[in-house]
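Each chain, letter by letter, is given below.
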Amino acid sequence: MSALWWLVLLAIVILVVVAVGGLLAIRARRSGSVLAARPSDRSDR
Amino acid sequence: MNLVRASELIGLPVVSIASGEALADVRDVVYDGESHRLVGFTLNKRGLLAGRMKHPLAAGSVAAIGADAVMIDTDSAVTDSGDAPTGLDDLGSARPVLGNRVLSADGSDLGEVVAVIVATGDRPRAVGYELKAHGRADTAFVPSSKRMAVSGENLVLPAEATAFVHYDLAGFGAAIGSYPSSEQENEDVDGHIHQR
Amino acid sequence: MSMDTFTNVERRPVIAADSAESIGSVQGFVLDVGGRQIEAIHVDGRGKRANLLPWASVSAFGADAVMAAPGATASTVELDHQKAAVSGDVSLIGARVLSVDGRERGTVTDAEFDTATGAILRAITDEGPVEANRFRSLGSYALVVSDPGPGEQRTTEQTGREPAPERR
């Protein structure tokens with residue numbers, strides 16, 4: 001196969017990785033947690 | 001009043017009783033580490049790729065917390081661009097609780113926090129913690145009290161709390177009534193623990 | 001009082017009483033935000049070109065045809081809730097039923113209405129009928145309903161996990 005085909009293949013692989021990574025990042029950004037707030041935050045240090 | 005794990009509330013839709021519209025999804029569940037009252041929720045916009053919403057939802061604006069949705073009376077509870085509700089304006093000081101190490105007052109490692117148990121109802125609050133001890137398959141429940149300190153890394157149990165550890169949620173629910181809850185302590189002048 | 005159901009009247013012809021011409025057929029309904037009253041019948045077209053016949057212009061909701069009052073004309077969609085109804089975003093049929101305490105109570109499969117007044121009488125769901133006086137709102141997410149009377153109160157948790165104990 002010519003070098004051009006390898007380049008196209010590489011580009012496709014990179015695109016897929018970026019897309020999956022982006023989706024995972026967005027999902028991680030949306031994921032929440034359970035937080036304890038301390039309105040009287042003064043004596044905890 | 002029902003007991004639910006706080007993490008089960010994450011992702012629930014926030015639905016307006018006035019319009020039947022879902023306005024947001026629950027992102028973080030925030031409670032007061034000292035009084036254990038539920039402070040409120042931070043929110044995500046609806047939709048898989050949508051980001052977070054600027055304004056949190058204060059517990060006082062919540063009409064009901066159910067298994068399938070958090071209900072609010074009117075849309076304005078989450079759409080108003082007014083001041084952030086009390087207790088939710090300084091989330092910088094809120095620390096994640098799940099995964100915290102559980103230490104007894106005498107310094108022994110009891111395991112880690114795997115869940116915060118929230119009692120829904122008129123005055124929703126965190127009534128206890130679910131713990132997983134190292135090397136144990138099951139989990140334990142311990143009621144919350146004002147004497148507990150949670151730092152985001154450690155949860156320190158007062159000595160008396162160790163006696164109230166239950167290994168099933170049903171027994172825990174029955175036992176909360178007999179344990180001096182954080183709410184009752186708040187009503188006490190000096191908040192001392194009643195001995196049984 | 002005579003009543004009919006949404007699924008039963010689907011595609012029923014809508015005829016102008018004065019000219020005897022067809023205006024369209026029953027495609028759907030535009031309800032008020034409470035979901036208790038038919039405001040208009042979606043008789044023809046889709047999207048922006050949808051035509052609505054206001055309920056006030058219905059002279060008779062018959063068993064075989066809906067008769068439009070003399071001089072009545074179908075109007076186009078203007079308001080947001082009309083657009084939402086025509087596009088199917090807000091529809092009583094298929095709506096998720098959500099109680100005010102935040103629990104899902106099934107899906108609406110049909111609805112009964114008073115053919116004289118256009119008032120919704122009750123929704124039929126896969127978990128039983130819900131009287132219209134329990135409706136709080138109908139939106140794109142759900143039909144929000146008040147809790148039933150003490151006799152019908154259900155206590156089972158529906159999360160499929162450990163049953164949560166009631167605290168007294």
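Rules of the game
Residues numbered from 1 in each chain as written. Chains lettered and ligands numbered in written order. Predicted model: local features only at pLDDT ≥ 70, side-chain atom pairs only at ≥ 80, totals over all residues. Pairing = 2+ DSSP bridges. Helix = DSSP H or I, 4+ residues; strand = E, 2+ residues; numbered from the N terminus. Contact = placed C-beta atoms within 7 Å. Axes fitted to C-alpha atoms, helices over the stretch in contact; angles between N-to-C directions.

(A) Representation of the pairing of strand S2 (residues 13-16) of chain B in the model. Residues and elements named next belong to chain B. Bridging between S2 and strand S3 (residues 22-32) involves three bridges; their strand directions are antiparallel. In the sheet register, Pro13 faces S3, and the bridge partner there is Asp25. What sits between the antiparallel neighbours S2 and S3 is a turn of five residues, in which Gly20 has the positive phi angle 70°. Where S2 and strand S7 (residues 70-72) come together, three bridges link them in parallel fashion. Note that in S7 the partner of Val14 across the bridge is Val70.

(B) Quick look at the environment of Ala56(C). Within the secondary structure, Ala56(C) sits in the loop between strand S6 (51-54) and strand S7 (58-61). When the C-alpha atoms of Ala56(C) and Leu92(C) are compared, they prove to be 20 Å apart, with 36 residues separating the residues in sequence.

(C) Fine view of the interface of chain A and chain B. Counting from both sides, the interface comprises 14 residues of chain A and, opposite them, 28 residues of chain B. Those elements that provide at least two residues to the side of chain A that touches chain B are helix H1 (3-30) and strand S1 (34-37) of chain A. Broken down by element, the residue count for the side of chain A that touches chain B peaks at four residues, all from S1(A).

(D) Spotlight on the sheet that holds strand S2 (residues 13-16) of chain C. All names here are of chain C. Strand order in the open sheet made by the four strands is S3-S2-S8-S7, with mixed pairing throughout. The sheet is open, and its two edges are formed by strand S3 (22-25) and S7, each paired on a single side. Within the sheet, the average angular offset between the axes of one strand and its neighbour, ignoring direction, is 20°. As paired elements, S7 and strand S8 (residues 66-68) share three bridges and run antiparallel to each other. Its bridge partner lying in S8, Val58 is registered against Ala68.

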